[in-house]
Amino acid sequence: MKLALAGISHHTASVELRERVAIDLDAAGRLAGSLASTDGAGLEAVVLSTCNRTELYLAAGDDDQLGDRADRALLSLAGAEAGTLAPSTYRLADESAALHLFRVAAGLDSLVPGEGEILGQVRDAFEAGAPGPLLDRTFRMALHAGRRARIETAIGESPASVPSAAAALAQQVFEGLEGRRVVLVGAGRTSELTAKNLRSRGATVVAVVNRTVGKAERLAHGLGARAVALDEIATVLADVEIVVSSTSAAGFVLTAEELGPALRSRRGRPVLLVDLAVPRDVDPSLASIDGCFVYDVDDLEAVVSSSLQGRRAEAVEAERIVAAEAERFRAWQASLAVVPAIASLRALAEEIRASELARVEARLGRLPESERAVVDTVTAQIVNKLLHLPTVRLKEAAVTPDGLVYADVVRHLFGLEEEDEA
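Residues numbered from 1 in each chain as written. Predicted model: local features only at pLDDT ≥ 70, side-chain atom pairs only at ≥ 80, totals over all residues. Heavy atoms only, no water.

(A) Highlighting the overall build of the protein. When you go through the protein residue by residue, the secondary structure sums to 17 helices and 10 strands. Here the C-alpha atoms of the protein give a radius of gyration of 29 Å, more than 25% beyond the 22 Å that 2.2 N^0.38 yields for 422 residues. Based on the C-alpha atoms only, the size of the protein along its principal axes is roughly 105 × 45 × 40 Å. Buried residues in the protein amount to 49% of all 422 residues. Contacts spanning at least 24 positions in sequence make up 71% of the contacts within the protein whose residues lie at least 6 apart. Put simply, the protein shows about 20,200 Å² of open surface, and 53% of that area lies on carbon and sulfur atoms. Across the protein, the centroid of the 45 positively charged side chains sits 5 Å from that of the 61 negatively charged ones. (Helix = DSSP H or I, 4+ residues; strand = E, 2+ residues; numbered from the N terminus. Rg over C-alpha atoms; globule rule 2.2 N^0.38 Å. Buried < 20%, exposed > 50% of the residue type's maximum accessible area, 1.4 Å probe, protein only. Contact = heavy atoms within 4.5 Å. Areas by Shrake-Rupley, 256 points an atom, 1.4 Å probe, with all protein chains shown as cover. Lys, Arg positive; Asp, Glu negative; His and termini not counted. Charge placed at Lys NZ, Arg CZ, Asp CG, Glu CD.)

Printed below as a string of structure tokens:
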């Protein structure tokens, strides 16, 4: 079985490029299902798409073109703009792909290292995808690695996060947030966390804006804020200093055409527009209006870097845990190459055992059931003990460069090639 990964992330591409292949969880599940169902060779697929990355994980039998297929599927999300994205994509295979996924699940590859949301996002992508034996094992090991990193190190204690970085940015811009008024655009989990971080620094959320007012009301009620329909957002911009947007819309929801008049009426009084969404919510051209400052998720990197100094040692320990889990994956994947030889050897031994018992009974007569059960048990134990050490040695050899040679020798010595051909 082969494992392939094709992806694009904040390490290789700006948010402007990443948003062209960003999809929500439902779309990721549909894409994975479509890839798996249209392949006659038993293709496995999981699609992970977050604000930092979009990655396709594929697994199949011995397929030298698997990486190309993953790459084409990723770029197809960009449609006519695929050529623009191609230089920013990356491809990994087998152990390297697994190690990368383990680092992602542990929060080590995030814009905000140690952030807690990614582990749940990996789990959701796995559950929504179309995994088979290889991806099922790979993702379960990745989730285990992510949990270990958080339990055994302090990398996730009081973790920085994108919402907390947004709040820290706002605090830097205004030199303190006491009394600053905030509008949240979007009523999901990110807006909830953003509100918590801003309020802890002294800011006041005055309005929650959402396309669905009912959803906005649920969040606004707990914040003592107003719920406002998205098409009425201009009415709440006159007296606020901060707008944070984090919707799952496919395009800009805050445009210069709709908000320009309201923002110009502020006559240069500063307003900070923080865009946490991928694809982006805020039209970058709004930054050309006097007093408007627009930041997206990529702009938060400098804020994040300053908050990581105290967690470097924890990240090193988390890397050690992830590397150990990746080595376990490598050993497991290598063992798959000798499994057919082991299975054939055991099947041959069982066939010989059963045949010899039948021959003895044909000559001496049928044994009483109680005696036959004893003979069955004893001969099965003999076979298992004889094959135990060769089985262990084959699995150990599988992780070495000569692993397949050992399997071929076993097939030759016991005539398993003939058995397979028969």
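(B) Fine view of the sheet that holds strand E3 (residues 53–60). The antiparallel open sheet is built from four strands, whose spatial order is E2-E3-E1-E4. Both edges of this open sheet fall to strand E2 (44–49) and strand E4 (90–93), since each of them pairs with a single strand only. Strand-to-strand, the axes of this sheet are offset by a mean angle of 15 degrees, without reference to chain direction. Pairing of strand E1 (residues 2–9) with E3 involves eight bridges; the strand directions are antiparallel. Note on E3: the bridge partner recorded for leucine 5 is tyrosine 57. (Pairing = 2+ DSSP bridges. Axes fitted to C-alpha atoms, helices over the stretch in contact; angles between N-to-C directions.)

(C) Up close: the nonpolar core. Membership of the largest hydrophobic core comes to 36 residues, with the highest contact counts inside it found for Leu184, Leu198, Val205, Val208, Leu223 and Leu276. For this core, the secondary-structure elements that each account for two or more residues are helix H8 (162–174), strand E5 (181–185), helix H9 (189–200), strand E6 (204–210), helix H10 (213–223), strand E8 (242–245), strand E9 (271–275) and helix H12 (301–306). No other element matches H8, which puts eight residues into this core. Once residues lying within four places of it in the same chain are set aside, the contact partners of valine 208 are Leu184, Gly186, Ala187, Ala216, Leu219, Ala220, Leu223, Arg226, Ala227 and Val228. Core analysis: the second largest hydrophobic core is formed by 34 residues, Tyr57, Ala149, Phe329 and Trp332 among them. (Core = buried A, V, L, I, M, F, W, Y, C linked by side-chain atoms within 4.5 Å.)

(D) Representation of the packing of aromatic side chains. Across all of its chains, the model carries three aromatic pairs by this definition. Consider the rings of phenylalanine 102 and phenylalanine 329, whose centres lie 6.3 Å apart with planes at 85 degrees: the pair is edge-to-face. Within this pair, whereas phenylalanine 102 is found in helix H5 (residues 94–105), its partner phenylalanine 329 is found in helix H13 (residues 312–335), the two being separated by 227 residues in sequence. Feature note: the residues Tyr57, Phe126 and Phe139 constitute an aromatic cluster, connected by ring pairs. (Phe/Tyr/Trp six-rings, centres within 6.5 Å; stacked < 30°, edge-to-face > 60°.)

(E) Region of the structure containing the environment of glutamate 95. Along the polypeptide, glutamate 95 turns up in helix H5. In the structure, glutamate 95 is positioned 92 residues away from leucine 3 in sequence and 8.1 Å away in space, judged by C-alpha atoms.

(F) How the structure looks around a nonpolar patch on the surface. The grouping of Val374, Val378, Ile382 and Leu386 at the surface amounts to a nonpolar patch, some 370 Å² of accessible area in total. For valine 374, the position within the fold is in helix H15 (residues 369–398). (Patch = residues over 30% accessible without salt bridge, like charges linked within 9 Å, V, L, I, M, F, W, Y side chains within 5 Å. Salt bridge = Lys/Arg side-chain N within 4 Å of Asp/Glu carboxyl O.)

(G) Quick look at the sheet that holds E5. Pairing is parallel in the open sheet, where six strands are placed in the order E7-E6-E5-E8-E9-E10. What marks the edges here is a single partner per strand, and that holds for strand E7 (226–229) and strand E10 (292–296). Neighbour to neighbour, the strand axes of the sheet diverge by 20 degrees on average, direction disregarded. Strand direction decides the pairing type here: E9 and E10, joined by five bridges, are parallel. Bridge pairing links leucine 273 to valine 294 in E10. Those strands touched by H8 are E8, E9 and E10, and its axis lies near 160 degrees from that of E9. H10 rests against E5, E6 and E7 of the sheet, and its axis sits at about 170 degrees to E6.

(H) Local environment of helix H7 (residues 133–152). Relative to the 28 Å expected for 20 residues at 1.5 Å per residue, H7 spans 28 Å between its end C-alpha atoms, a close match to the ideal helical length. Taken as a whole, H7 has its buried residues at Leu134, Leu135, Thr138, Phe139, Met141, Ala142, Leu143, Ala145, Gly146, Arg148 and Ala149. (Expected span 1.5 Å × (residues − 1).)

(I) Structural detail: the pattern of salt bridges. With the rule as written, the count across this model stands at 24 salt bridges. Put simply, arginine 18 and aspartate 298 hold a salt bridge, and the shortest N to O gap is 3.0 Å. Taken as a pair, arginine 18 in helix H1 (residues 15–18) and aspartate 298 in the loop between E10 and H12 lie far apart in primary sequence, 280 residues in all. On the basis of relative accessibility, which here comes to 2%, the residue arginine 18 falls in the buried class. Taking the relative accessible area as the measure of exposure, aspartate 298 reaches 22% and is therefore partly exposed. In this structure, glutamate 241 engages arginine 181 in a salt bridge whose closest nitrogen and oxygen atoms are separated by 2.5 Å.

(J) Inspection of the layout of surface pockets at higher detail. Its volume calculated, the largest pocket comes out at about 1,300 Å³. Contributing to the lining of the largest pocket are 45 residues, with Gln121, Thr190, Ser246, Thr247 and Ser248 lying nearest its centre. At the level of elements, helix H2 (25–37), E2, helix H6 (117–128), H8 and H9 are the ones that each hand at least two residues to the lining of the largest pocket. Tallying contributions element by element places H6 first for the lining of the largest pocket, with five residues. Counted by class, the lining of the largest pocket contains 24 nonpolar, 14 polar and seven charged residues. (1 Å grid on protein atoms, 1.4 Å probe; cavity = no way out; pocket = protein on both sides within 12 Å on 5 of 7 lines; lining within 4 Å. Points joined across faces, edges and corners; volume = space filled by probe spheres on them. Nonpolar A, V, L, I, M, F, W, Y, C, P; charged D, E, K, R; others polar.)

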